[in-house]
Amino acid sequence: MSTELKSAAAVSHPNIAFIKYWGNRDHHLRIPASGSISMNLGRLETRTRVTFNPALTADRLILNGEPTSGKQLQRVQTFLDHVRRLAGIDLYAEVESKNDFPTGAGIASSASAFSALALAAAAAAGLQLSEAELSRLARRGSGSACRSVPGGFVEWLAGEDDQSSYAVSIAPADHWDLVDIVAVISQVHKPTGSTEGHALAETSPLQKARLKSAPARLEQCRTAILRRDFEALAEVSELDCNLMHAVMMTGARRLLYWQPATIELIHAAGEWRRSGIPVFYTIDAGPNVHLICPAAEADRVAAAAAQIQGVKEVLQAPAGSAAHLLAEEVNL
Ligand code: PMV
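Bear in mind that the values here come from a model prediction, so they are computed numbers and not experimental data.

Caption draft 1: Inspection of helix α4 (residues 194-201) at higher detail. Taken as a whole, α4 has its buried residues at Gly197, His198, Leu200 and Ala201. Projected onto a plane normal to the axis of α4, the buried residues spread over an arc of 160° and lie on a single side. Buried residues in α4 make contact with β3 (24-26), α5 (207-212) and α7 (230-249).

Written out as structure tokens, the structure is:
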């Protein structure tokens, strides 16, 4: 066993899915019931440093400057246990992590958090992993985190086991100048987290139909991205979002994430599109609405979204790059 201090830092962007991940084939390994496609969100980032330290008697997690305990710490400890097993080390670690987007801004931070953690922890533990292996590792922390490892527009190949389930880039960030305008309606933490939500998916009678038709939507979405066909991407993304929310609303326990302002924005996006502005909506496990449009329309769409009653804040994010390691001397 080494007694040296081993440290590494990494940066990663969150992502927004056009074709959603909702439901698992294997809950423990987070093998999804179907594939998904997303875009990394540039400008927004999580920076994480991991230091394996022989002087520590337990893992520590410092989030945005605050020492953390409870469930959040436990999830990171379980992840670090997996890294320690892979690397054959038994040192505890200090994990320091910062988001440059407000926590509670309605952007799921678990994707960028576990993606940055995977890169930093693997490097600090002395593991040399390929992008696919890092994506598989990030998946163990949070499913959607595997999509934040590669750059730009990304597809998570569902696979059927730990080995075959990871994400790949289908086009780089500069392939298409799309922007995600995030209309923040609520900053509070969601009452039902996604880990619990994935387990409820299979209790909806609609999930089977959603999964059966998923390969066709994946194909349509992949083709729309490769051809930069905005109308086709809009159609398939809104359909896929509605299907996921239909499953959420019809499980053994009802998950209804939408607020009145969410529905206002769904209607508004439709009206804007009919009036000739290329824009579509997608919504994750919360009330906030992601409005996707070409960069040339971003300011106009952001200003219009800010006018809707109940919208508290509007953020803009273009397509973002892959997760990567930071130089040792960089401050978080
Ligand atoms: O990675 P998780 O367990 O937080 O699940 C993410 C689920 C959604 O954000 C609702 C959809 C997706 O594909 O990102």
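Caption draft 2: Summary view of the packing of aromatic side chains. Evaluated as defined, the whole model comprises five aromatic pairs. With a centroid separation of 4.7 Å and 65° between ring planes, the pair formed by tyrosine 21 and tryptophan 156 is classed as edge-to-face. Here tryptophan 156 lies in strand β10 (residues 153-157) and tyrosine 21 lies in the loop between β2 (15-19) and β3, a separation of 135 residues in the sequence. For the pair tyrosine 21 and tryptophan 156, a shared accessibility class is recorded, and that class is buried. Linked through ring pairs, Phe18, Trp176, Phe230 and Phe280 together constitute an aromatic cluster.

Caption draft 3: Representation of the domain arrangement of the protein chain in the model. Entries for the protein chain in the domain assignment read domain 1 (6-174) and domain 2 (178-318). Centre-to-centre, using C-alpha coordinates, domain 1 lies 23 Å away from domain 2. At the interface, 33 residues of domain 1 touch 48 residues of domain 2. Interface of domain 1 and domain 2: buried area, both sides summed, is about 3100 Å²; carbon and sulfur atoms make up 66% of it. Looking at the side of domain 1 facing domain 2, the largest losses of area belong to Phe18, Lys20 and Trp22, adding up to 29% of the total buried there. In this structure, the connection of domain 1 to domain 2 is made through two salt bridges. For the salt bridge of glutamate 155 with arginine 222, the shortest nitrogen-to-oxygen distance reads 2.6 Å. Among the elements of the structure, β2, β5 (36-40), β10 and β11 (166-171) are those that each provide at least two residues to the side of domain 1 that touches domain 2.

Caption draft 4: Quick peek at the side chain of serine 204. Tracing the backbone through its elements, the reader meets serine 204 in the loop between α4 and α5. Residues contacting serine 204, with those up to four places away along its chain left out, are Val247, Thr250 and Gly251.

Caption draft 5: Looking closely at the nonpolar core. Among the nonpolar cores identified, the biggest contains 29 residues, and Val50, Phe52, Phe79, Leu80, Val83, Val95 and Leu117 are the most heavily contacted of them. The leading source of residues in this core is helix α2 (residues 110-124), at eight residues. Counting residues in each nonpolar core, the second largest holds 28 residues, with Leu178, Ala224, Ile225 and Ile292 among its members.

Caption draft 6: Spotlight on the site of the ligand. Close to the ligand lie 14 residues, the nearest being Tyr21, Ser144, Arg147, Ser194 and His198. Between histidine 198 and the ligand, the recorded distance is 2.9 Å, taken from a side-chain N or O atom to an oxygen atom. Compared with its free state, where it exposes 380 Å², the ligand has 95% of that area covered by protein. The residue makeup of the shell around the ligand, split by class, is five nonpolar, six polar and three charged. A domain split of the shell around the ligand shows at least three residues from each of domain 1 (6-174) and domain 2 (178-318).

Caption draft 7: Fine view of the pairing of strand β9 (residues 93-99). In β9, alternate side chains face the same way, and those of Ala93, Val95, Ser97 and Asn99 are buried while those of Glu94, Glu96 and Lys98 on the opposite face are not. As paired elements, strand β7 (residues 60-63) and β9 share four bridges and run parallel to each other. Its bridge partner lying in β9, leucine 63 is registered against serine 97.

Caption draft 8: Quick look at the pattern of salt bridges. Per the counting criterion, the structure on display carries 16 salt bridges. Between glutamate 196 and arginine 253 there is a salt bridge, with its nearest N and O atoms 2.6 Å apart. With glutamate 196 in helix α4 and arginine 253 in the loop between α7 and α8 (260-274), this pair connects stretches of sequence that are 57 residues apart. Overall, glutamate 196 belongs to the partly exposed group, its relative accessible area being 42%. Overall, arginine 253 belongs to the partly exposed group, its relative accessible area being 37%. Put simply, glutamate 219 and arginine 222 hold a salt bridge, and the shortest N to O gap is 3.1 Å. Taken as a pair, glutamate 219 and arginine 222 lie in helix α6 (residues 214-227) at a separation of three residues, close to a single helical turn. Given the relative accessible area of 43%, glutamate 219 is considered partly exposed.

Definitions and cut-offs
- Residues numbered from 1 in each chain as written.
- Predicted model: local features only at pLDDT ≥ 70, side-chain atom pairs only at ≥ 80, totals over all residues.
- Heavy atoms only, no water.
- Buried < 20%, exposed > 50% of the residue type's maximum accessible area, 1.4 Å probe, protein only.
- Helix = DSSP H or I, 4+ residues; strand = E, 2+ residues; numbered from the N terminus.
- Arc of directions from axis to C-beta.
- Contact = heavy atoms within 4.5 Å.
- Phe/Tyr/Trp six-rings, centres within 6.5 Å; stacked < 30°, edge-to-face > 60°.
- Domains from an automatic or database assignment.
- Buried area = accessible area lost by both parts, 1.4 Å probe.
- Salt bridge = Lys/Arg side-chain N within 4 Å of Asp/Glu carboxyl O.
- Core = buried A, V, L, I, M, F, W, Y, C linked by side-chain atoms within 4.5 Å.
- Near = heavy atom within 4 Å.
- Polar contact = N/O pair within 3.5 Å; in protein donor to acceptor, adjacent residues only side chain to side chain.
- Areas by Shrake-Rupley, 256 points an atom, 1.4 Å probe, with all protein chains shown as cover.
- Nonpolar A, V, L, I, M, F, W, Y, C, P; charged D, E, K, R; others polar.
- Pairing = 2+ DSSP bridges.

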